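Below, each chain spelled out in residue letters.
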Number of protein chains: 2
Amino acid sequence: MIAVPQFMHFPDALALQSGASIRDYTLAYETYGSLNAERSNAVLVCHALNASHHVAGVYEGQDKSEGWWDNMIGPGKPVDTDRFFVIGVNNLGSCFGSTGPMHENPETGQVYGADFPVVTVEDWVGAQARLLDRLGIVQLAAVLGGSLGGMQALSWTLQYPERVRHAVVVASAPNLTAENIAFNEVARRAIVTDPDFHGGHYYRHGVIPKRGLRIARMIGHITYLSDDVMNEKFGRSLRPRELLAGQAAPPGDPATLLRDYHYSTQDIEFQIESYLRYQGDKFSDYFDANTYLLITRALDYFDPARRHGGDLTQALAPATAHFLLVSFSTDWRFSPQRSREIVKALLDNRRSVTYAEIDAPHGHDAFLLDDARYLGVVGAYFDRIAKELA
Amino acid sequence: MIAVPQFMHFPDALALQSGASIRDYTLAYETYGSLNAERSNAVLVCHALNASHHVAGVYEGQDKSEGWWDNMIGPGKPVDTDRFFVIGVNNLGSCFGSTGPMHENPETGQVYGADFPVVTVEDWVGAQARLLDRLGIVQLAAVLGGSLGGMQALSWTLQYPERVRHAVVVASAPNLTAENIAFNEVARRAIVTDPDFHGGHYYRHGVIPKRGLRIARMIGHITYLSDDVMNEKFGRSLRPRELLAGQAAPPGDPATLLRDYHYSTQDIEFQIESYLRYQGDKFSDYFDANTYLLITRALDYFDPARRHGGDLTQALAPATAHFLLVSFSTDWRFSPQRSREIVKALLDNRRSVTYAEIDAPHGHDAFLLDDARYLGVVGAYFDRIAKELA
């Protein structure tokens, strides 16, 4: 399946939760499959921290350009683009195509930088709703997202209940815990205190706060994986000297176990160190630091129960959609318990909810990986939605 | 109880595991209580990352100068200094009194900086044994430590089996997991990539890599606490604007719940952020960056089973001491499962082992806190040791 990025310009101001507004912005998006005559088969896919509108398919002539959820979405896949019209949209503030901190602020003629307005999950959903308006889609067959994307899916059912028939919320939570916020805060401090950050206006200095981005990504990676999968993948294996960064010898390789330590505090000794440094380096080459701050803050702020004194049942009362929730047993970033809180609040409201807790070793990352039971559950659910359309 | 730091100079070279050696070094130590005529009532206390020889008591005329384990050690306390002669010793490479990276290298006449040799748990134990030689103590009634200190206690029983009658290993592990190493590595990268680090020779530049130290400490703090205790202590409470850094309003205070967000990616919004920044700032004012690298590396390297193909039972076979192991239910840095691995390996060797798993909400930090059951278990064990002396 060939994907083609598209762009929609929005001249009118969008009022944001913070009280600020943004105008003359562009959203990057992609669509797969065809909208049916009734305009009833549209599925919106919301993305998490390090993803974009490029959800599925490949770009013409570009090897390894699969979308980030290509195992989930496409012809004959769990979200079948032969039956659904799937829309991937890049959020405001991102660095992958939609208007973000690296673009010009029409109010000043200067690059936004740190002046890009703080955006929330609710703001993203508002911007997505405007995009659907322009595409002529009144009601979604489903809104679908994992992690931060799941928060957007949940927020859709609260902000626009009548526009969502089904919501699929994967590996998500009704809000972040103190520990989640803490990890985000450390990552942000690493970026903001990097001398190359220049208060967020590093573009005009011709530098990038790569040190901070690397640290942020390393912290992120640790929290995306489970302790178990890290032990299985890396354990205490040493890194053979002849390998390049990012390469790993298989655990159990004698060369990784029998050699002596190098006794250094700065050289790479263990394979896990090599992996993390490689991931950090790669990330700092393409991800924007201001975007990192904005997206982690949107995560921190999301908390629909907040305006209801912490009562999630009350907060979810407006939702009328049918729900599928999925969580993964070893996900300690967004643990199954957090998904169960959403399930309970929906059931308290007598909503229709399907919940699957998948026994998977991969931690939070599991929501992006191939797992037959996980893909099977989502596939069966979308099969049900497709039958409602017929 | 008044504590008095003492210093012992060691002119002769100590051979280190790395193959390097160190000479003309000094160890800072303190002693509490009196050595009996048989010299049989000595207890050595080993410290973890952020601690020192100042284990118990206070310094004359100094308010709030309690030793780091003052709730455990002192007259009438679980480790009763009316019955035991307790020795606290600061490890080589520390920044609290013993020779470390900020001192002069006698080989070069320059400050060590990054040239301070990499030291291991085994090296520290070797240096501690030399100190005991000089103090005329042939055999310890007990060696005692928590976390990294517990690793030293365990190593004592392997390096000098005949010199240890009892080993008390609290909240420790037979080695670090990949996740543990990963957190250490991120902290080290934050320090090493701080432009003020200058390859570890920041002393001669008159600067301190405080940015890196702050990040390192923030990461550490998250891993010392449990998710539960963070939710209980901080939750999603907002920080009232009028509070200073480090101050926290009680959770549930209306001012922390009802005000609107400030919508900022850099200002403190949540109390957990305030707490972490304060801890990071404080730490960066007194802790040495090179010491941080050395101590975390010693943690990474400790792995007595390594020379036995990963077989911990075989590795612990030389130990002849009696053991008390204690772990805490919510400690995810050194989980109860890791202590149980040690217990199992000792039992496989038919050693005498007492094991207590304390149901405590405080995560890894629990080993430093007041918990009646924990202090009771340790107290009962030392009571038994004292009776053996009589």
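Refer to the preceding data block for the structure.
Concerning the interface of chain A and chain B
And step 1. In this complex, chain A contributes 62 residues to the contact, which on the side of chain B involves 61 residues.
And step 2. Regarding the contact of chain A and chain B, the summed buried area is about 5,300 Å², with carbon and sulfur atoms giving 60% of it.
And step 3. Across the chain A-chain B interface, the total number found is ten salt bridges.
And step 4. Between D260 of chain B and R307 of chain A there is a salt bridge, and its shortest N-O distance comes to 3.1 Å.
And step 5. Our enumeration of links across chain A and chain B arrives at 28 residue pairs in polar contact (both at pLDDT 80 or more).
And step 6. Elements with a minimum of two residues in the side of chain A that touches chain B: α3 (178–192), α4 (210–224), α5 (227–233), α7 (271–286) and α8 (289–301) of chain A.
And step 7. In terms of residue count, α3 of chain A provides more of the side of chain A that touches chain B than any other element does, eleven residues in total.
And step 8. Partitioned by chemical class, the residues of the side of chain A that touches chain B number 31 nonpolar, 13 polar and 18 charged.

A few points about the sheet that holds strand β5 (residues 42–46) of chain A
All names here are of chain A.
And step 1. An order of β1-β4-β8-β5-β9-β10-β11-β12 is seen for the eight strands of this open sheet, with the pairing classed as mixed. Looking along the sheet, the strands with just one partner apiece sit at the ends: β1 (6–10) and β12 (353–358). Across the sheet, the axes of successive neighbouring strands diverge by a mean angle of 20 degrees, strand direction being ignored.
And step 2. Strand direction decides the pairing type here: strand β11 (residues 322–328) and β12, joined by six bridges, are parallel. Looking at β12, one finds that L324 is bridged to T354.
And step 3. Packed on one face of the sheet, helix α1 (residues 121–135) meets β1, β4 (25–32), β5 and β8 (85–89) and runs near 105 degrees to β1.
And step 4. In the packing of helix α11 (residues 372–389) onto the sheet, the strands contacted are β5, β9 (142–146), β10 (166–170), β11 and β12, and the crossing angle to β11 comes to about 175 degrees.

Quick word on the layout of surface pockets
A probe matching the size of a water molecule, rolled over the atoms, marks out where space remains unfilled.
All names here are of chain A.
And step 1. Taken as a whole, the largest pocket encloses approximately 1,100 Å³ of empty space.
And step 2. For the largest pocket, the lining is made up of 34 residues, of which N50, W68, R217, Y286 and L368 are closest to its centre.
And step 3. Broken down by secondary-structure element, the contributors of at least two residues to the lining of the largest pocket are α4, α5 and α7.
And step 4. Per element, the largest residue contribution to the lining of the largest pocket is five residues, and it comes from α7.
And step 5. Residue composition of the lining of the largest pocket, by class: 17 nonpolar, ten polar and seven charged.

Description of the nonpolar core
And step 1. Ranked by size, the top nonpolar core spans 263 residues in total, and within it Y374 of chain A together with Y374 of chain B carry the most contacts.
And step 2. Each residue touching Y374 of chain B, except ones within four places of it in the same chain, is listed here: W69, M72, V170, V326, F328, I358, A366, F367 and L369 of chain B.

The rules behind each value
Residues numbered from 1 in each chain as written. Chains lettered and ligands numbered in written order. Predicted model: local features only at pLDDT ≥ 70, side-chain atom pairs only at ≥ 80, totals over all residues. Heavy atoms only, no water. Contact = heavy atoms within 4.5 Å. Buried area = accessible area lost by both parts, 1.4 Å probe. Salt bridge = Lys/Arg side-chain N within 4 Å of Asp/Glu carboxyl O. Polar contact = N/O pair within 3.5 Å; in protein donor to acceptor, adjacent residues only side chain to side chain. Helix = DSSP H or I, 4+ residues; strand = E, 2+ residues; numbered from the N terminus. Nonpolar A, V, L, I, M, F, W, Y, C, P; charged D, E, K, R; others polar. Pairing = 2+ DSSP bridges. Axes fitted to C-alpha atoms, helices over the stretch in contact; angles between N-to-C directions. 1 Å grid on protein atoms, 1.4 Å probe; cavity = no way out; pocket = protein on both sides within 12 Å on 5 of 7 lines; lining within 4 Å. Points joined across faces, edges and corners; volume = space filled by probe spheres on them. Core = buried A, V, L, I, M, F, W, Y, C linked by side-chain atoms within 4.5 Å. Buried < 20%, exposed > 50% of the residue type's maximum accessible area, 1.4 Å probe, protein only.

By themselves, these observations are geometric and do not establish any function.
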